Amino acid sequence: MKKLLFLFCFVLLKVSYSQELLPVNYDTTVTNSQVLIHGNAFHLSSAIENGLTRKFLFGGVITEDIKQKSFDNHSIYDRIGGGYRLGLEFRSSNQILEKHPNLSWMINVSSEAHIAGEYSQDLFGLMFFGNEKYAGTEASLSNSTGSFVDYLSIGGGIHNKKTKSFISLNVILPRSFYDGSIHRGTFTTSEQGDQLDLMLQGNLEISNSPAYFQGLGGAVNFDYNLPFGKAENNDFHGVFRISGRNLGAYKLHNVDRYEIDTDQSFSGFTFDDLNEFFDDEKEPSTTIGDTLGIENSTSSPWKLIPGFIQAGKIVERNRSTQLQSFFGIRMYTNFLYRPLIYAGVDYKPFEKYSFGTQATFGGYGLFRLGLYANYSAEKINIGIGTEDLLGLAFEGQYGQSAVVRLMWNL
């Protein structure tokens, strides 16, 4: 593994398919115990087209035309993000407090990952076209950053069988972690290609514990459902939900930290030589490391979990009208994610079936259009959808999304 550019390559290229905007069929009916399985995955960029990302996800040849189309979409700085969430919940129907008959216990487990990055157009160009594209010119690498974390969440708490509000405390077990930044950086290649001028100040952190779980932390999940507008002759009423997922932090056991601060001209080695310094399978070249001013240290830092908060009006299962609106806003707990606003319409033509569409704007990209279908019966509820309908169909779009939810009343 070549660690020098690994983080930024991973951020730009190896994104997995996590959001959960699939509308909730809110129901205040007190039921028996429930099992909930949910899975969601997404990747989204402000500039990189699906024609490029699909080649990395599913294989294929990346042509010069594919690379050029994505390069032309870039502004000075662009964002990319992605992730997945696969979870299982069990909500008991057993009463736990005599004075509160609707309160019961729940347990939950999920496997999750999140990746986020912001980078300069020139960094993208160097990675995909090489330094020949910048012969005789200066490429800016400054203010580029990226992170990736993969973790397991296990916990439990209490839920209200009627209002469906809940709170859950969770143990966070990270499995891998990468984080890197280029604070200041420029790269210049002579027109003949025989000299490189590099100014670089940045750092890279990689978890490196011999244990399977790279650290330990804690987080809270919650839903709070609040009915509104129930007054007589008020046509605008419904349920407002505030949700939080993975709001917390974790401490890593052992992290390798590489720091570089250099401003020099080089003519004695190439990028391949530079990558060899970070190759786990080769002996490091101390000469190159000393020349570049790379310093290595270890630490056990605390990190925030990429959790999110979402607030908005949700869909009610037993409402008599065929059309319902839903809308809201979402924020992740990282500074790269822009506030995401969403709004949509749910249509229920039959008792057990509903369909809907929604539009979103923000996050790691711009505008997206989603579509979903939902089936509800006495014992089971199944929902499937996408937040990026155009992204599923067209290579010229900037992301893909899939959301699935299964609820079983025991």
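Keep in mind the model is a prediction, meaning the values are calculated, not measured.

A. Highlighting the overall build of the protein. A tally of regular secondary structure across the protein gives seven helices and 20 strands. Accessible surface, the protein as shown: approximately 19,000 Å² in total, 59% of it carbon and sulfur.

B. Main features of the packing of aromatic side chains. Overall, the coordinates contain 15 aromatic pairs when judged by the stated rule. Pairing Phe148 with Tyr178 gives two aromatic rings, centres 6.3 Å apart and planes at 40 degrees, and the pair type is tilted. In this pair, Phe148 is assigned in strand 6 (residues 144–160) and Tyr178 in strand 7 (residues 166–189), connecting sequence segments 30 residues apart. Exposure remark for Tyr178: the relative accessible area of 15% places this residue in the buried category. A cation over an aromatic ring shows up here: Lys67 above the ring of Phe129, its NZ or CZ 5.1 Å from the ring centre. Directly above the ring of Phe308 sits Arg330, whose terminal nitrogen or CZ lies 3.8 Å from the centroid.

C. Representation of unusual backbone geometry within the structure. If you check the backbone angles, Lys164 has positive phi at about 70 degrees while not being a glycine. Tracing the backbone shows Lys164 in the loop between strand 6 and strand 7. Despite not being glycine, Asn246 shows a phi value in the positive range, around 55 degrees. Taking the relative accessible area as the measure of exposure, Asn246 reaches 2% and is therefore buried.

D. Looking closely at helix 2 (residues 50–58). Among all positions of helix 2, only Asn50, Gly51, Leu52, Thr53 and Arg54 are buried. Check the buried side of helix 2 and you find it contacts strand 2 (34–45), helix 3 (64–73), helix 4 (121–129), helix 7 (389–393) and strand 20 (399–409). Among the residues trailing helix 2, Gly59 stands out with phi positive, at a value near 90 degrees.

E. Spotlight on the nonpolar core. Counting residues in hydrophobic clusters, the biggest one holds 30 residues, and the most contacted among them are Tyr119, Phe124, Leu141 and Phe187. Listed by contribution, the elements that provide at least two residues to this core are helix 3, strand 4 (103–120), helix 4, strand 7, strand 8 (196–207) and strand 11 (255–266). Leu44, Ala116, Phe326 and Tyr372 belong to the second-largest nonpolar core, a separate cluster that totals 13 residues.

F. Up close: the confidence of the model for the protein. Across the protein, pLDDT averages 85, with 86% of residues at or above 70. The secondary-structure element of the protein with the lowest mean pLDDT is helix 1 (residues 6–13), recorded at 39, while strand 6 shows the highest, at 96. For residues 1–19, every residue scores under 50 in pLDDT, and the model assigns this stretch 84 contacts once sequence neighbours within four places are set aside.

G. A look at the environment of Pro101. Positionally, Pro101 belongs in the loop between strand 3 (77–91) and strand 4. Put simply, Pro101 and Lys161 are 60 residues apart on the chain and 8.8 Å apart in space, counted from C-alpha to C-alpha. Apart from residues no more than four positions distant in its own chain, Pro101 is found in contact with Gln95 and Lys161.

H. Expanded view of the pairing of strand 16 (residues 338–347). Bridge count for strand 15 (residues 323–332) against strand 16 is eight bridges, and the pairing is antiparallel. Of the residues in strand 16, the one forming a bridge with Gly328 is Tyr342. Where strand 15 folds back on strand 16, the antiparallel hairpin that results is connected by five residues.

I. Quick peek at the pattern of salt bridges. Counted by the stated rule, this structure contains 13 salt bridges. Measuring nitrogen to oxygen at the nearest pair gives 3.5 Å for the salt bridge that ties Arg241 to Asp223. Of this pair, Arg241 sits in strand 10 (residues 238–252) while Asp223 sits in strand 9 (residues 215–228), and the two are 18 residues apart along the sequence. Summarising the burial analysis for this pair, Arg241 and Asp223 share the class buried. In this structure, Asp223 and Arg245 form a salt bridge, with 3.1 Å as the shortest nitrogen-oxygen distance. One end of the pair, Asp223, is in strand 9; the other, Arg245, is in strand 10, with 22 residues separating them in the sequence. One exposure class covers both Asp223 and Arg245, and it is buried.

J. Representation of helix 3 within the structure. When helix 3 is considered as a whole, its buried residues turn out to be Ile66, Lys67, Ser70 and Phe71. One face of helix 3 carries all of its buried residues, which in axial projection span an arc of 130 degrees. Facing away from the buried side of helix 3 by over 90 degrees, the exposed positions are Glu64 and Asp72. Next to the buried residues of helix 3 lie helix 2 and helix 4.

Reading the values: rules and limits
- Residues numbered from 1 in each chain as written.
- Predicted model: local features only at pLDDT ≥ 70, side-chain atom pairs only at ≥ 80, totals over all residues.
- Heavy atoms only, no water.
- Helix = DSSP H or I, 4+ residues; strand = E, 2+ residues; numbered from the N terminus.
- Areas by Shrake-Rupley, 256 points an atom, 1.4 Å probe, with all protein chains shown as cover.
- Phe/Tyr/Trp six-rings, centres within 6.5 Å; stacked < 30°, edge-to-face > 60°.
- Buried < 20%, exposed > 50% of the residue type's maximum accessible area, 1.4 Å probe, protein only.
- Lys NZ or Arg CZ within 6 Å of the ring centre and 35° of its normal.
- Contact = heavy atoms within 4.5 Å.
- Core = buried A, V, L, I, M, F, W, Y, C linked by side-chain atoms within 4.5 Å.
- pLDDT = per-residue confidence, 0-100.
- Pairing = 2+ DSSP bridges.
- Salt bridge = Lys/Arg side-chain N within 4 Å of Asp/Glu carboxyl O.
- Arc of directions from axis to C-beta.

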